[in-house]
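Here is what each chain is made of, one letter per residue.
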There are 2 protein chains.
Amino acid sequence: MVDLEKIISLCKRRGFIFQGSEQYCGLQGTWDYGPLGVELKNNVKRAWWRRVVYERDDMEGLDTSILMNRLVMKYSGHEDTFSDPMVDCRKCKKRFRADHIDANEKCAEGDKHDFTEPRPFNLMFKTVVGPVADESNVSYLRPETAQGIFINFKNVLDSTNRKLPFGIAQIGKSYRNEITPRNFIFRVREFEQMEIEFFVMPGDDEEWHKKWVDARYNWYVELGIKPENLRKYEQAKEELAHYAKATVDLLYRFFPDRADEDKQYDEVEGISNRTDFDLTCHTKGGKLVLNDGREIPNTHAINKLTYFDHKTNKHLLPYVIEPSAGVDRATLAFLMDSYCEETVNDSTRVVLKLNPELAPIKVAVLPLKKNNENIRNTALKVKNELMKKSGWRTVYDDTAGIGKLYRRQDEIGTPYCVTVDFDTLEDNSVTVRDRDTMAQERVKIEELQTYLSQKLGNV
Amino acid sequence: MVDLEKIISLCKRRGFIFQGSEQYCGLQGTWDYGPLGVELKNNVKRAWWRRVVYERDDMEGLDTSILMNRLVMKYSGHEDTFSDPMVDCRKCKKRFRADHIDANEKCAEGDKHDFTEPRPFNLMFKTVVGPVADESNVSYLRPETAQGIFINFKNVLDSTNRKLPFGIAQIGKSYRNEITPRNFIFRVREFEQMEIEFFVMPGDDEEWHKKWVDARYNWYVELGIKPENLRKYEQAKEELAHYAKATVDLLYRFFPDRADEDKQYDEVEGISNRTDFDLTCHTKGGKLVLNDGREIPNTHAINKLTYFDHKTNKHLLPYVIEPSAGVDRATLAFLMDSYCEETVNDSTRVVLKLNPELAPIKVAVLPLKKNNENIRNTALKVKNELMKKSGWRTVYDDTAGIGKLYRRQDEIGTPYCVTVDFDTLEDNSVTVRDRDTMAQERVKIEELQTYLSQKLGNV
């Protein structure tokens, strides 16, 4: 299996992902998606939205603000407890996450670090909103999209007439001031999430938790992740967050070169049964229960976040199942899982065998001879008509010979190449080449879109 | 024409747009997009991306980080000059944007405000990145997506082999700490932009500026904006920012109830000829020229942001045309422009005559009788099959009588309603109702997708 270094190099060279602020030596924990990366990431998000919102009858979408009233983070518990343990080295003055210390790392001021006791470091980025810079105007960059869903529960209920069970899905950026960001886009400070809060009747929560674990596992596999690289990991009682009744993590094999097999796998998504913890935090007259048992009554919320059950004629707080996925991690998993090296005619062919739905470019139209004006113009015309009819990302490329152009498209996962040659000018046909089999077929231009639609499906 | 108040009310009631953090009395200048709003806004973004990236041969996409190295904002000039004039009232202690003062607003502590002299207020939100909270780790929430494009110019060039002219397009959130956010989603603190930086040979800039003004104007009109509500406004010499050679603003009629006709129109997009100002700021060994003439040499950038011209064998700094649009403002313009009230059978029908490409829901499938299990199941089946085949956002609704369901779909802009009735169970046909004409047609279920595809086009 491919290791991270190869993927990082491909990503930089071909324009998937660049280091953030590279022109100024970077900003640690930030990454920029290039021309191909933005397409791939958008396709991952669209494939998620399609499966969890469009293809179901029990979901609504939402897109809430990253900056929120500070009270949201007070009553969610993030202000008090969203922290990692941090240590300082007394010699070199560097800071580390206490649970991520590498025993082999040498201190710059001597062989070994001299660490302080761990203390909590709040991971939220702080800013001030409005023209007066005082404590009352503090706000945070949200550390998760989830809270935006909870505080809008009543707005969604009122505007859609939904009945339980139903869910709310959201995609958006979140921020965590990680002490030690690392491993490419795996642990970063600015990232994107795809989160669902699925609201159910108390008592139905365990069944729905199982259903969502299966649904989410299947999503990755249907989009091409090999089952042997994806694990379900059920957290033990003592690992669970205090608000969770059960959590199953989906672990992808991000680190295949680690010696310990269990350490090769790390989280790409978590699916939690959070009971009514969150709605209780944010409902008018509710309370936040901290992990040490302390209770903070909610004296600010303006609406009851309850659901009226017509069967029992009672208002109740629904339970919540939360499938929470990282967009960047999912994107990385799809990149790693689709990467292949094959030997073809004694040379190495690199192919991203991405599911066509995820491929940044669906079809590349290539002229056999770029110096022939007829061939070039025909190729551009084929490309533009195909794009208009299909809506697919299609590209034209004439910056190399045909063999090299094929390899370039293989390396970025383009499922089909269409070649315009001298015969095309006579027979109005083109050669269609399949990325995975490299088989070539001659197709009439007028039948090209139908032919490719059948191959590509609804991408 | 509809005024803002009616749109705000519709948006809240039907789940397009809610006040941000409403559950905690809001956070001024932030808004949350509800189930219909997120679809509409995504469709606006997709329609833009499709036209400016997919349908052209000279564009690449990009998605860069919101948090950037502080030096980006130093050398772009934002740290020094991105400010609005602010005044304080000595009596009531409130702050105002000096150029937005409403002469009729009364001071809470007496009839008239007693204002201080204006002073500059930097509009960037500040935060600290990393575990050490000192000045050297300051970062800003980007005030525009543009800078992420400029600093990646070389990365995109190297990974794509592009030749001039070509452009880079980006959609993403930006942040401005507006002193007085107002007018719904028109002036906000967290917003989304769709920006293009189009790089051309110096000398070709004026021609490309004109082309882009036309292309962008046509985009709005093709998607349904009435030409009488959209104006091109060419900034006079004395209005231009010091780095701009020419700027044309596209103004939409956001405020139709203002007495002064000119004040009814305000900016939805600006198209500027920025020359080589930005690449000069950020290139290695370049310099920032401030509006007072001061020059700040760039001593930090690591790459030359030049382009090698094979014709002259010289490295040069391209000129830049920047079409910069607000996603939220465009969304608001499409909402306002499509809003109609019609009298039908003595009652008022509210219709959003949105272009189908923008409509949040493409097709609603409605059962004539929800108590009939056959009808209900057939409707659900029709909905799910149609969705799977087409990829469209389709919904099922049975929470009211058919007349009311039609009106509900009209009000949110759904182009087609499909009704499943008793005859359907016999003849496998459904009734398709057109939003705008209200005409109804009987269509075989097996032909439904083709029928609607022809009507809806490639949405």
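In what follows, the structure referred to is the one given above.
Now for a description of the structure that goes with this document.

Parameters and conventions
- Residues numbered from 1 in each chain as written.
- Chains lettered and ligands numbered in written order.
- Predicted model: local features only at pLDDT ≥ 70, side-chain atom pairs only at ≥ 80, totals over all residues.
- Heavy atoms only, no water.
- Buried < 20%, exposed > 50% of the residue type's maximum accessible area, 1.4 Å probe, protein only.
- Helix = DSSP H or I, 4+ residues; strand = E, 2+ residues; numbered from the N terminus.
- Pairing = 2+ DSSP bridges.
- Axes fitted to C-alpha atoms, helices over the stretch in contact; angles between N-to-C directions.
- Parallel < 35°, antiparallel > 145°, perpendicular 65-115°, else oblique.
- Contact = heavy atoms within 4.5 Å.
- Nonpolar A, V, L, I, M, F, W, Y, C, P; charged D, E, K, R; others polar.
- Least-squares fit on C-alpha atoms with pLDDT ≥ 70 in both.
- Buried area = accessible area lost by both parts, 1.4 Å probe.
- Salt bridge = Lys/Arg side-chain N within 4 Å of Asp/Glu carboxyl O.
- Polar contact = N/O pair within 3.5 Å; in protein donor to acceptor, adjacent residues only side chain to side chain.
- Expected span 1.5 Å × (residues − 1).
- Left-handed = near helix turned anticlockwise from the far one by under 90°.
- Patch = residues over 30% accessible without salt bridge, like charges linked within 9 Å, V, L, I, M, F, W, Y side chains within 5 Å.
- Areas by Shrake-Rupley, 256 points an atom, 1.4 Å probe, with all protein chains shown as cover.
- Phe/Tyr/Trp six-rings, centres within 6.5 Å; stacked < 30°, edge-to-face > 60°.
- Lys NZ or Arg CZ within 6 Å of the ring centre and 35° of its normal.

1. A word on the pairing of strand 3 (residues 59–62) of chain A
Residues and elements named next belong to chain A.
Piece 1. Where burial is concerned, the two faces of strand 3 agree: the one with M59 and G61 and the one with E60 and L62 are both buried.
Piece 2. Summarising the sheet, strand 3 and strand 10 (residues 166–175) pair through four bridges and their orientation is parallel. For L62, the partnering residue across the bridge sits in strand 10 and is Q170.

2. Side note on the packing of helix 2 (residues 35–54) of chain B against helix 9 (residues 327–338) of chain B
All names here are of chain B.
Piece 1. It is the contact of helix 2 with helix 9, at a shortest axis distance of 10 Å, that shows an interaxial angle of 110°. Regarding the angle of helix 2 to helix 9, the classification is roughly perpendicular. Contacts between helix 2 and helix 9 involve L40, K41, V44 and K45 from the first element and V327, D328, A330, T331, F334 and L335 from the second.
Piece 2. Each residue belonging to the contact of helix 2 with helix 9 can be placed in one class, and the counts come to six nonpolar, one polar and three charged.

3. With respect to the relation of the copies chain B and chain A
Piece 1. The operation relating chain B to chain A is a screw motion whose rotation component is 180°, with 0.0 Å of axial translation and a residual RMSD of 0.1 Å. Here the two chains are linked by the operation of a two-fold rotation axis. Ranked by how close their C-alpha atoms come to the rotation axis, the residues of chain B are headed by T127 of chain B, at 2.6 Å.
Piece 2. Mapped onto chain A, 100% of the interface residues of chain B again fall at the interface, so both copies present the same surface.

4. Here's the deal with the interface of chain B and chain A
When the parts come together, some accessible area is lost, and that loss is often what is quoted as the size of the interface.
Piece 1. If you look at the interface, chain B gives 92 residues, while chain A gives 92 residues.
Piece 2. At the boundary of chain B with chain A, total buried surface from both sides reaches about 7400 Å², with 50% on carbon and sulfur atoms.
Piece 3. By the criterion of area lost to chain A, the three top residues of chain B are Q23, Y24 and Y54 of chain B, representing 13% of everything that side buries.
Piece 4. Put simply, chain B and chain A have six salt bridges between them.
Piece 5. A salt bridge links D63 of chain A to K41 of chain B; the nearest nitrogen and oxygen atoms lie 3.0 Å apart.
Piece 6. Along the contact surface separating chain B from chain A lie 58 residue pairs in polar contact (both at pLDDT 80 or more).

5. Description of helix 10 (residues 373–390) of chain B
Piece 1. With 18 residues, helix 10 of chain B should cover 26 Å at 1.5 Å per step; its first-to-last C-alpha distance of 26 Å lies within 8% of that length.
Piece 2. Contacts made by the buried residues of helix 10 of chain B are with helix 2 (35–54) of chain A together with strand 22 (363–367), strand 23 (394–396), strand 24 (416–420), helix 12 (422–427) and helix 13 (448–456) of chain B.
Piece 3. Looking one or two residues beyond helix 10 of chain B, the residue adopting positive phi is G391 of chain B, at roughly 80°.

6. Details of unusual backbone geometry
All names here are of chain A.
Piece 1. For the bond running from L164 to P165, omega is -5°, close enough to zero to count as cis.
Piece 2. Structurally, the position occupied by P165 is in the loop between helix 6 (153–160) and strand 10.
Piece 3. One non-glycine residue, K93, lies in positive phi territory at about 70°.
Piece 4. With respect to the helices and strands, K93 occurs in the loop between strand 5 (83–88) and strand 6 (95–97).
Piece 5. K93 gets classed as exposed once you look at its relative accessible area, which sits at 62%.
Piece 6. One non-glycine residue with positive phi stands out, namely N313, at about 55°.
Piece 7. With respect to the secondary-structure elements, N313 resides in the loop between strand 17 (307–309) and strand 18 (314–316).

7. Some words on the environment of L240 of chain A
Residues and elements named next belong to chain A.
Piece 1. Looking at the secondary structure, you find L240 in the loop between strand 12 (230–234) and strand 13 (246–252).
Piece 2. With 32 residues separating them in the primary sequence, L240 and S272 have C-alpha atoms 9.4 Å apart.
Piece 3. Excluding residues that lie within four positions of it along the chain, L240 makes contacts with Q235, K245, A246 and T247.

8. Description of the packing of helix 2 of chain A against helix 7 (residues 205–222) of chain A
Residues and elements named next belong to chain A.
Piece 1. Packing of helix 2 against helix 7 brings their axes to within 12 Å, and their N-to-C directions diverge by 140°. Comparing their axes, helix 7 and helix 2 come out oblique. Between helix 2 and helix 7 lies a crossing of right-handed hand. Between helix 2 and helix 7, the residues in contact are V44, A47, W48, R51 and V52 and W212, R216, W219 and E222, respectively.
Piece 2. A breakdown of the residues in the contact of helix 2 with helix 7 according to their chemical character gives six nonpolar, no polar and three charged.

9. Let's talk about a nonpolar patch on the surface
Piece 1. Together, L368, F422 and L425 of chain A make up a nonpolar patch on the protein surface, roughly 240 Å² of accessible area in all.
Piece 2. Checked against the element boundaries, L368 of chain A lands in the loop between strand 22 (363–367) and helix 10 (373–390).

10. Quick look at the packing of aromatic side chains
For any two aromatic rings, the description comes down to two numbers: the centre-to-centre distance and the angle of the planes.
Piece 1. Counted by the stated rule, this structure contains 36 aromatic pairs over all chains.
Piece 2. Summarising the aromatic geometry, the rings of Y252 of chain A and F254 of chain A are spaced 5.0 Å apart at their centres and angled 75° between planes, so their arrangement reads as edge-to-face. Assigned by exposure class, Y252 of chain A and F254 of chain A land together as buried.
Piece 3. Over the ring of Y217 of chain A we find K232 of chain A, and its NZ or CZ is 4.9 Å from the ring centre.
Piece 4. If you follow R329 of chain B out to its NZ or CZ, it ends over the ring of F186 of chain B, 3.7 Å from the centre.

11. Topic: helix 2 of chain B
Piece 1. A rise of 1.5 Å per residue sets the reference length of helix 2 of chain B, with its 20 residues, at 28 Å; its end C-alpha atoms lie 27 Å apart and thus fit the reference within 8%.
Piece 2. Judged by how many residues are buried, helix 2 of chain B sits mostly within the fold: 19 of 20 residues are covered.

12. Structural notes on the pattern of salt bridges
Residue and element names in this part refer to chain A.
Piece 1. Summed over the entire model, instances satisfying the criterion amount to 90 salt bridges over all chains.
Piece 2. Between R119 and D88 there is a salt bridge, with the nearest N and O atoms lying 2.9 Å from each other. With R119 in strand 7 (residues 119–122) and D88 in strand 5, the pair connects residues that are 31 residues apart, well separated along the chain.
Piece 3. Classification of D88 as buried rests on a relative accessible area of 12%.
Piece 4. A cluster of three or more residues bridged by salt bridges with shared partners is formed by D84, R97, D99, E178 and R187.

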